[in-house]
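Observations on the model geometry
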Amino acid sequence: MANTAVGGKAASTKQMGSGMAVLILLIGTACLAFSGIWVKGSNFEPATSVVLRCWIPLIIFLPFFIWEGKRKGFIPGKAFFWAALAGFILGIDFTAWNFAIFYVGAGIASVLLNMQVIILPVLAFLIDKERIVKSYWIVLPIMIVGIALVGGVLDDPLGVGPLFGAGSGDDALAMGPTELAGMPVALLGTLLGCVSGVCYGLYLYSSRKSTLVAKTHLGGNMLFFQPIAVVSFFQGLPPLIFMLLRGDGFHLSQGVLVDGNLPADAGGVPTGDMIDGWNWAQMIMLAVLGQFIAWTFVQIGSVNMEPTISAGLLLLSPVSTIFIAAAMFSEIPSILQVIGVVMVLGAVAYQNGLFEFFRGKKPSDHEAVTPHEEVFEPHLVGEEEQQKS
């Protein structure tokens, strides 16, 4: 029976076919997989890149925002607040993530994002008093060790990982700085990737709140375009604040990398190659495909299939990014980094119930839970989990 939304609009009960849902999610996942590639390929200064990526698609979001509002109801004030907060946090996330891409590579930075798996349950426990499942304590140490290995900080006595662009061996290392901000580049990139992962966990929590509030207020109607449009607008604010604190503005003509590598004087005002038409083309692809298409398609596809299946398909994104980055930028992970990637993604798969799914069992925490106990299980978040890699 259909629920009745505020304003007399009936909540839609029509469900998308599973085949179409999988297709839409796979398209979104493919766009996510290329997001880090487009960030590096466009070569824009990290903060500038975030603003362009998030605000260019607002032109596309606007008609869908209005159409969805008239059809399902406009996003309620409280849901708007949570979406705005989620967007602001995600803006910090994207800024840190963009820097991490230039410091440790697009593939590794995408894997580090999965740190949100250990952040989200803690937030739900501290704020909503949702009990953390036992599997979390298995995942936690594996994730910590895996992240340390993924960052490449154990690969070289100088702390410089092997992921600096298309050069190889000593040539690649010679082109890039050994330290930035007083610490090894690989360590700095790993820390920024972890900051990104923590912020992504905060974003998922806030976004989840916005979704639940809107769905309740609108009588069960699920909004797609409006919350993402609000998030996308507020994402652009943190990098703008960062620019003001840094004392400069947009960098639209000078890039970060020189021939795909960090220059020796990296860390301040960009001194890389000049931004050309191909860089702008990749930025447009990042904005349209990596922002608008990726986020809306993943959202729409995820809510029309089993959460465990969507979580498994979304894991294809960071895995794909590693291979794409290796092919396009010669970002070849070391043996320790490969081990770290397997540990991190394996822990994410376990926490999302994929192992039990493939054994033909319903994902659970291996224990009985009474009906009135609330247990926070990331694989049940469904439509919002792991939407950026």
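Notes on the structure in this doc start here. Quantities reported herein were computed from a predicted structural model and do not represent experimental measurements. (Residues numbered from 1 in each chain as written. Predicted model: local features only at pLDDT ≥ 70, side-chain atom pairs only at ≥ 80, totals over all residues. Heavy atoms only, no water.)

1. Some details on the overall build of the protein
The helix and strand tally for the protein stands at 16 helices and four strands. Evaluated residue by residue, the protein yields a buried proportion of 56% over its 389 residues. Long-range contacts, defined here as pairs at least 24 residues apart, represent 84% of the contacts in the protein between residues at least 6 apart. Accessible surface computed for the protein: about 16000 Å², of which carbon and sulfur atoms make up 71%. (Helix = DSSP H or I, 4+ residues; strand = E, 2+ residues; numbered from the N terminus. Buried < 20%, exposed > 50% of the residue type's maximum accessible area, 1.4 Å probe, protein only. Contact = heavy atoms within 4.5 Å. Areas by Shrake-Rupley, 256 points an atom, 1.4 Å probe, with all protein chains shown as cover.)

2. Here's the deal with the nonpolar core
The biggest cluster of nonpolar side chains holds 96 residues, and the ones touching the most others in it are Tyr103, Met143, Tyr203, Leu262 and Trp295. Among the elements that line this core, the one with the most residues is helix α4 (residues 77–104), at 15 residues. (Core = buried A, V, L, I, M, F, W, Y, C linked by side-chain atoms within 4.5 Å.)

3. Looking at a nonpolar patch on the surface
Together, Phe88, Ile92, Ile241 and Leu245 line one region of the surface with nonpolar side chains, adding up to about 370 Å² of accessible area. Every element with two or more residues in the nonpolar patch is listed here: α4 and α11 (237–246). Relative to the helices and strands, Leu245 is located in helix α11. (Patch = residues over 30% accessible without salt bridge, like charges linked within 9 Å, V, L, I, M, F, W, Y side chains within 5 Å. Salt bridge = Lys/Arg side-chain N within 4 Å of Asp/Glu carboxyl O.)

4. Here we look at helix α7 (residues 135–150)
Helix length check: α7 (16 residues) gives 22 Å between terminal C-alpha atoms against 22 Å at 1.5 Å per residue, within 8%. Taken together, the buried positions of α7 are occupied by Ser135, Tyr136, Val139, Met143, Gly146, Ile147, Leu149 and Val150. Seen end-on, α7 carries its buried residues on one side only, within an arc spanning 150°. Lining the buried residues of α7 we find α5 (106–112), α6 (116–128), β1 (131–132), α9 (185–217) and α15 (335–351). Backbone geometry just downstream of α7 places Gly152 in the positive-phi region, at approximately 80°. (Expected span 1.5 Å × (residues − 1). Arc of directions from axis to C-beta.)

5. Section: the packing of aromatic side chains
Scanning the model with the defined rule gives 20 aromatic pairs in all. Ring centres of Phe64 and Phe292 lie 5.6 Å apart, and the angle between their planes is 45°; this geometry places the pair in the tilted category. On the criterion of sequence distance, the pair formed by Phe64 in helix α3 (residues 58–72) and Phe292 in helix α12 (residues 277–302) is long-range, its members being 228 residues apart. With a relative accessible area of 7%, Phe292 lands in the buried category. Clustering of aromatic rings is evident, with ring pairs tying together Phe61, Phe64, Trp67, Phe225 and Phe292. (Phe/Tyr/Trp six-rings, centres within 6.5 Å; stacked < 30°, edge-to-face > 60°.)

6. Quick word on the environment of Pro141
Relative to the assigned elements, Pro141 resides in helix α7. Note on Pro141: relative accessible area 42%, which makes it partly exposed. In sequence terms Pro141 and Ala347 are 206 residues apart; their C-alpha atoms lie 9.6 Å from each other.

7. With respect to the pattern of salt bridges
Evaluation of the coordinates by the stated rule reveals three salt bridges. Measuring nitrogen to oxygen at the nearest pair gives 2.6 Å for the salt bridge that ties Arg246 to Glu45. Of the two residues, Arg246 sits in helix α11 while Glu45 sits in the loop between α1 (18–42) and α2 (46–55), which places them 201 residues apart along the sequence. A relative accessible area of 2% places Glu45 in the buried class. Take Arg246: its relative accessible area is 30%, and that puts it in the partly exposed class. Because the salt bridges share partners, they merge into one network encompassing Glu45, Arg246 and Asp248.

8. Comments concerning the side chain of Gln291
Checked against the element boundaries, Gln291 lands in helix α12. The exposure class of Gln291 is buried, given its relative accessible area of 2%. Ignoring anything within four residues of it in the chain, the contact list for Gln291 reads Arg53, Cys54, Pro57, Phe94, Ser232, Gln235 and Leu286.

9. Digging into unusual backbone geometry
Of all residues except glycine, most have a negative phi; of all peptide bonds, most are trans. Even without being glycine, Ala181 reaches a positive phi, approximately 55°. Take Ala181: it is sitting in the loop between β2 (179–180) and β3 (183–184). On the basis of relative accessibility, which here comes to 70%, the residue Ala181 falls in the exposed class.

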